[in-house]
Amino acid sequence: MLNVLVLCTGNSCRSVMGEALLNHLGKGRITAFSAGSHPLGKINEGALATLRRHQLPDTGYKSQSWEEFFDQPIDIVITVCDNAAAETCPVYLNKAVRVHWGVSDPGHVEGSEEEKIAAFEETFAILKHRVEQMLALPLEDMTAQELTEKLNQIGEQ
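Description of the structure in this document. (Residues numbered from 1 in each chain as written. Predicted model: local features only at pLDDT ≥ 70, side-chain atom pairs only at ≥ 80, totals over all residues. Heavy atoms only, no water.)

Here we look at empty space enclosed by the protein
Over the atoms rolls a probe the size of a water molecule, and in doing so it shows where empty space is left.
Stage number 1. With the rule as written, the count across this model stands at one cavity of 30 Å³ or more.
Stage number 2. In this structure, the largest cavity spans a volume of roughly 30 Å³.
Stage number 3. If you trace the largest cavity, you find it lined by Val6, Gly18, Leu22, Ile78, Val80, Trp101, Leu127 and Val131.
Stage number 4. Elements that contribute at least two residues to the lining of the largest cavity include exactly α1 (14–25) and α3 (113–135).
Stage number 5. Classifying every residue of the lining of the largest cavity by side-chain character gives seven nonpolar, one polar and no charged. (1 Å grid on protein atoms, 1.4 Å probe; cavity = no way out; pocket = protein on both sides within 12 Å on 5 of 7 lines; lining within 4 Å. Points joined across faces, edges and corners; volume = space filled by probe spheres on them. Helix = DSSP H or I, 4+ residues; strand = E, 2+ residues; numbered from the N terminus. Nonpolar A, V, L, I, M, F, W, Y, C, P; charged D, E, K, R; others polar.)

And the structure:
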């Protein structure tokens, strides 16, 4: 079983959806967690509503600091911050395969309720696609270098 930490700054939207998708789709292969370098302390309601729309669990998540995982063995760290939006991406220094899957933060979208829902759906779809591609790989048999290369390629799509 691989331990995967999905990391961003606030740990309220993208990282939580990534955690949910990895745990749901990777059941039996992956245990996923999410955290932030500066957690907001609450989960964005739009992220929880998106999970509900896709029949994924919407409870049990918490906006927490990455410091809670410093003593826990983590195999893969996936950062989801958006470099294109000049978002500062946290750097996880413990030993783990580190990859980047940048995606825009739907929690910052302004506009109508429909536009906000569309932003969350787009982020969810991108993360789901990437998680499915990740799970199609023989993760357990890959070297750290192979994992880094392949998972970063997935993040570029």
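Some thoughts on the packing of α1 against α3
Stage number 1. Axis separation between α1 and α3 bottoms out at 10 Å; the angle between their running directions is 40 degrees. The angle between the axes of α1 and α3 places the two elements in the oblique class. For the pair α1 and α3, the sense of crossing is right-handed. Where α1 abuts α3, its residues Arg14, Met17, Gly18, Leu21, Leu22 and Leu25 lie against Phe120, Thr123, Phe124, Leu127, Lys128, Val131, Glu132, Met134 and Leu135.
Stage number 2. In terms of residue class, the contact of α1 with α3 is built from ten nonpolar, two polar and three charged. (Axes fitted to C-alpha atoms, helices over the stretch in contact; angles between N-to-C directions. Parallel < 35°, antiparallel > 145°, perpendicular 65-115°, else oblique. Left-handed = near helix turned anticlockwise from the far one by under 90°. Contact = heavy atoms within 4.5 Å.)

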